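Chain by chain, the residues run as shown.
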Amino acid sequence: MTFLPENVTDRAVRPQQRGPWAALVAWWGPRPFAQIAVLLGLAALLLWFGHNAAAALHRAGISPGFAFLGRTANFQIGEAPIAFQAGDTYLRAIAVGLLNTLKAALAGCLSATILGVALGVLSLTRSRFVRALVRSYIEVIRNTPLLLQLFFWIALAHALPGPRQAPAALGVVLSNRGIFVPALTAPEGWALPLAGVGLALISAILGNRILARSIGRGSALVWILAVLAAGSVAISSGVTLDLPHLQGFNIRGGASLSPEFAALVFGLTIKFAASIAEIVRAGILSVPQGQREAARALGLNEAQILRLVVLPQALRVIVPLITSNFLDLAKDSSLAVAIGFPDLVSILNTTANTTGQAIEAVFIMTVTFLAINLSVAALMNRYNTRVALRGQGRGAGR
């Protein structure tokens, strides 16, 4: 029989004799109490900051809250995707900035992906000159700050010649008043053309699925017929191609991109295409060489090997890293304020300066960018899961 010292026996057997607080600490341990103390300290610090901020706002005659969103904004916005004029509410002005941010981020993601994939494939070509050219581009762009690149592109955009001397090629006109590109116009509205295009797209998807289930693969003929059907509906609805042209002292027709928007999208595209090119190159190299040799043995050419064998397997490596680039691109689009593009950050800065509601403006900015990034991450993670599950299923089948 082993005998314990009397003090140890008292602590283990009779904790109720030491008091309720000491018994609770002995039963639960000291660590949760330390965590609770830290949380209470942080809460007290936040309350102190909030009290000081409320007192400062009260001394300045500013009422905290979001009631200012319904007041009139007495400033103009140079580029607005929806109708806006001085005298509209601050809420509408913020909506204009949000739409401009989404427009720039979406255009940047699409163009950066296209350019990045092309450069990633070209970086693995057999031509040493092309490989060196792509490598030089990647190294220079990745090691240069994005803000400096935006300053360069906006300076280049404003240095373009005027409308009368502006160069034009393939319907695209470059001038210091913006970039003008061809655009489709419909005199009777876009309802019927969009319905025709949507119906043709749905028909093509359903037709390819039916062919895939019946004969094991789809057909490009279905897509050709869908394009022809959509084109015939558009032509019959009066849709025409409007080309930009010089009229008087300005350029008329087509769709115009402001110098600030063009510089922002071009800068984001050039910057993040370099990172995406490296991601694509790494994803292609992650596919075993034996896959390519087996495809060549089956008689596939290099383009078919890349499209049918390499890229589908490389997506499992590419998609998660491209998701991170998309998130960075959406956040870095806020640098548009430095070149004068009226994005969300620019309009919220103007709102904070004119109303004094700086805390509320920063809160709206934070919540909006958080929602944008979480939405992009959710969509890309869902696609990544879909790609990964398909890859695992095929691997398990083999």
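See the structure above.
The rules behind each value
Residues numbered from 1 in each chain as written. Predicted model: local features only at pLDDT ≥ 70, side-chain atom pairs only at ≥ 80, totals over all residues. Heavy atoms only, no water. Helix = DSSP H or I, 4+ residues; strand = E, 2+ residues; numbered from the N terminus. Contact = heavy atoms within 4.5 Å. Areas by Shrake-Rupley, 256 points an atom, 1.4 Å probe, with all protein chains shown as cover. Expected span 1.5 Å × (residues − 1). Bend = angle between axes of the 7 residues up to and from the residue. Buried < 20%, exposed > 50% of the residue type's maximum accessible area, 1.4 Å probe, protein only. Pairing = 2+ DSSP bridges. Phe/Tyr/Trp six-rings, centres within 6.5 Å; stacked < 30°, edge-to-face > 60°. Lys NZ or Arg CZ within 6 Å of the ring centre and 35° of its normal. Salt bridge = Lys/Arg side-chain N within 4 Å of Asp/Glu carboxyl O.

A. Region of interest: the overall build of the protein chain. Looking only at helices and strands, the protein chain features 13 helices and 8 strands. Sequence-distant contacts in the protein chain: of pairs separated by 6 or more residues, those separated by 24 or more amount to 64%. Surface accessibility of the protein chain: about 24,300 Å² in total, with carbon and sulfur atoms responsible for 67%.

B. Structural context of helix H9 (residues 259-285). Taking 1.5 Å per residue, 27 residues should reach 39 Å; H9 reaches 39 Å between its end C-alpha atoms and fits that length. Roughly 30° is the biggest bend found in H9, and it falls at Ala273. Along H9, 22 of the 27 residues are buried, which leaves the element largely enclosed by surrounding structure.

C. Looking closely at the pairing of strand E3 (residues 178-181). Here E3 shows a clear split, with Gly178 and Phe180 buried on one side and none of Ile179 and Val181 buried on the other. Here strand E2 (residues 172-175) runs beside E3; their pairing, made up of 3 bridges, is antiparallel. By the bridge assignment, Val173 is partnered in E3 with Phe180. As defined by bridge partners, E3 adjoins strand E8 (residues 255-257) across 3 bridges and the pair is classed as antiparallel. In the sheet register, Val181 faces E8, and the bridge partner there is Ala255.

D. Summary view of the environment of Ala195. Position of Ala195 relative to the elements: it lies in helix H7 (residues 191-215). Between the alpha carbons of Ala195 and Ala230 there is a distance of 9.2 Å; along the sequence they are 35 residues apart.

E. Main features of the environment of Asp328. Position of Asp328 relative to the elements: it lies in helix H11 (residues 302-332). Given the relative accessible area of 30%, Asp328 is considered partly exposed. As for Asp328 and Phe272, which are separated by 56 residues in sequence, their C-alpha atoms are 8.8 Å apart.

F. Expanded view of the packing of aromatic side chains. The full count for this structure, using the stated rule, is 7 aromatic pairs. Their ring planes at 50° and their centres at 6.0 Å tell us that Phe66 and Phe363 sit as a pair that is tilted. Here Phe363 lies in helix H13 (residues 358-397) and Phe66 lies in the loop between helix H3 (31-59) and helix H4 (90-122), a separation of 297 residues in the sequence. Among the residues examined, Phe363 registers a relative accessible area of 48% and is labelled partly exposed. The cationic tip of Lys103 hangs over the ring face of Phe261; the distance from NZ or CZ to the ring centre is 4.8 Å.

G. Quick look at the pairing of E2. Residues of E2 alternate between two faces, with Val173 and Ser175 buried on one and Val172 and Leu174 left unburied on the opposite face. Both strand E1 (residues 168-169) and E2 contribute to a ladder of 2 bridges, which runs antiparallel. When the bridges of E2 are listed, Ala169 appears paired with Val172. From the end of E2 to the start of E3, which pair antiparallel, there are 2 residues.

H. Highlighting the environment of Pro64. Take Pro64: it is sitting in the loop between H3 and H4. When the C-alpha atoms of Pro64 and Ala53 are compared, they prove to be 9.3 Å apart, with 11 residues separating the residues in sequence.

I. The arrangement of the pattern of salt bridges in detail. Counting across every chain of the model gives 6 salt bridges. Its salt-bridge partner being Glu278, residue Arg135 comes within 3.0 Å of it at the nearest N-O pair. Of this pair, Arg135 sits in helix H5 (residues 128-142) while Glu278 is found in helix H9, placing the two residues 143 residues apart along the sequence. Residue Asp328 is joined to Lys331 by a salt bridge in which the shortest nitrogen-to-oxygen separation is 3.6 Å. Residue Asp328 and its partner Lys331 are located together in helix H11, separated by 3 residues, close to a single helical turn. Each member of the salt-bridge network shares a partner with another, and the members are Arg135, Glu139, Arg142, Glu278 and Arg281.

Take it as geometry only, folks, not as evidence of what the structure does.
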